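One-letter residues, chain by chain:
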Amino acid sequence: MRVSGPAASEALLSLTQRATLPAPRTATVSSLYAPRIEERSELKGATPQAPMPAVEELDRQALVLWFPAPRSFTGEDIVEFHLHGGEAVVEGVLQALRAVPALRMAEAGEFTRRAFFNNKLDLDEVRTLGKDNASIASMNLGFKGSPPDRKWHGCCSQESCLLRERQHSGN
């Protein structure tokens, strides 16, 4: 499960109950917890007379990875939660993430779109991903008019752009 954007660090700290972020790009085993009672009052079963527990452990041995911007797939802060267990654990973590302000579920293809606009992928890389994912293949990248730079011109990578430039110049 991935979280991308400015609230990724808040999500990580909230669910792990850590005081600091873990080392970047290093898998860390951590317990994941549901939000505190004041954040859960709207959840089913929580009433002033019968409140939910202050902290509920959702997963004892989740792997957590922290990828600070700009060195991530999207170019934004990303946290990955690798969960153990079944649907109940996944649903519990999703509920806990919904309680973090400024988080929302990503739309289909959104991580790829963010990576493209943050210059982490070129248009051919997006198209390649789209061949395996219909939501990416049909996503609207939102540009109109002529392309602003060479990432729009169909280069699969820097190497292929250099090869094309050399072929055109005769070197």
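Residues numbered from 1 in each chain as written. Predicted model: local features only at pLDDT ≥ 70, side-chain atom pairs only at ≥ 80, totals over all residues. Heavy atoms only, no water.

(A) A look at the overall build of the protein chain. Scanning the protein chain from N- to C-terminus turns up six helices and four strands. Shown N-terminal to C-terminal, the secondary structure of the protein chain runs as helices and strands in the order β-α-β-β-β-α-α-α-α-α. Residues classed as buried in the protein chain amount to 38% of the 171 residues present. Contacts in the protein chain between residues at least 24 apart in sequence constitute 61% of all its contacts with a sequence separation of at least 6. Total accessible area on the protein chain is roughly 10500 Å²; 53% of this is exposed by carbon and sulfur atoms. (Helix = DSSP H or I, 4+ residues; strand = E, 2+ residues; numbered from the N terminus. Buried < 20%, exposed > 50% of the residue type's maximum accessible area, 1.4 Å probe, protein only. Contact = heavy atoms within 4.5 Å. Areas by Shrake-Rupley, 256 points an atom, 1.4 Å probe, with all protein chains shown as cover.)

(B) Spotlight on the packing of aromatic side chains. For the structure shown, the criterion picks out one aromatic pair. Judged by centre distance (5.4 Å) and plane angle (75 degrees), the rings of Phe116 and Phe117 are edge-to-face. (Phe/Tyr/Trp six-rings, centres within 6.5 Å; stacked < 30°, edge-to-face > 60°.)

(C) View of the confidence of the model for the protein chain. On average, residues of the protein chain carry a pLDDT of 74, and 64% of them reach 70 or more. Throughout residues 39-53 the model reports pLDDT below 50, and contacts reaching past four residues in sequence, or to other chains, amount to 14 contacts. Across residues 143-156, where pLDDT falls below 50, the model places 25 contacts with residues more than four positions away in sequence or in other chains. (pLDDT = per-residue confidence, 0-100.)

(D) Fine view of the nonpolar core. In this structure, Val3, Leu15, Leu32, Val79, Phe81, Val93 and Leu97 are the most contacted members of the largest nonpolar core, which totals 18 residues. Secondary-structure elements contributing two or more residues to this core are helix 1 (8-16), strand 3 (57-67), strand 4 (78-82) and helix 2 (87-98). Each residue touching Val79, except ones within four places of it in the same chain, is listed here: Met1, Arg2, Val3, Ala8, Leu12, Val64, Leu65 and Trp66. Core analysis: the second largest hydrophobic core is formed by five residues, Ala115, Phe116, Leu121 and Val126 among them. (Core = buried A, V, L, I, M, F, W, Y, C linked by side-chain atoms within 4.5 Å.)

(E) The arrangement of the sheet that holds strand 1 (residues 2-4) in detail. A sheet is described by the order of its strands in space; here four strands give the open sequence 1-4-3-2, paired in antiparallel fashion. Bordering the open sheet on either side are strand 1 and strand 2 (28-33), each of which pairs with just one other strand. Pairs of neighbouring strands in the sheet enclose a mean axial angle of 35 degrees, with direction left out of account. Sheet topology places strand 2 next to strand 3; five bridges connect them, and they run antiparallel. Paired with Tyr33 across the two strands is Glu57, which belongs to strand 3. Together, strand 1, strand 2, strand 3 and strand 4 form the strand contacts of helix 1, whose direction differs from that of strand 2 by roughly 75 degrees. Of the strands in this sheet, strand 1, strand 2, strand 3 and strand 4 are in contact with helix 2, which crosses strand 3 at around 60 degrees. (Pairing = 2+ DSSP bridges. Axes fitted to C-alpha atoms, helices over the stretch in contact; angles between N-to-C directions.)

(F) Expanded view of the pairing of strand 3. Note: strand 3 against strand 4, five bridges, orientation antiparallel. Each bridged residue has a counterpart across the sheet, and for Leu65 the counterpart in strand 4 is Glu80.

(G) Here's a closer look at the side chain of Ser30. Among the secondary structure elements, Ser30 is positioned in strand 2. Of the residues examined, Ser30 reaches a relative accessible area of 9% and is grouped as buried. Those residues in contact with Ser30, other than ones at most four positions away along the chain, are Thr16, Asp59, Arg60, Gln61, Ala62 and Val64.

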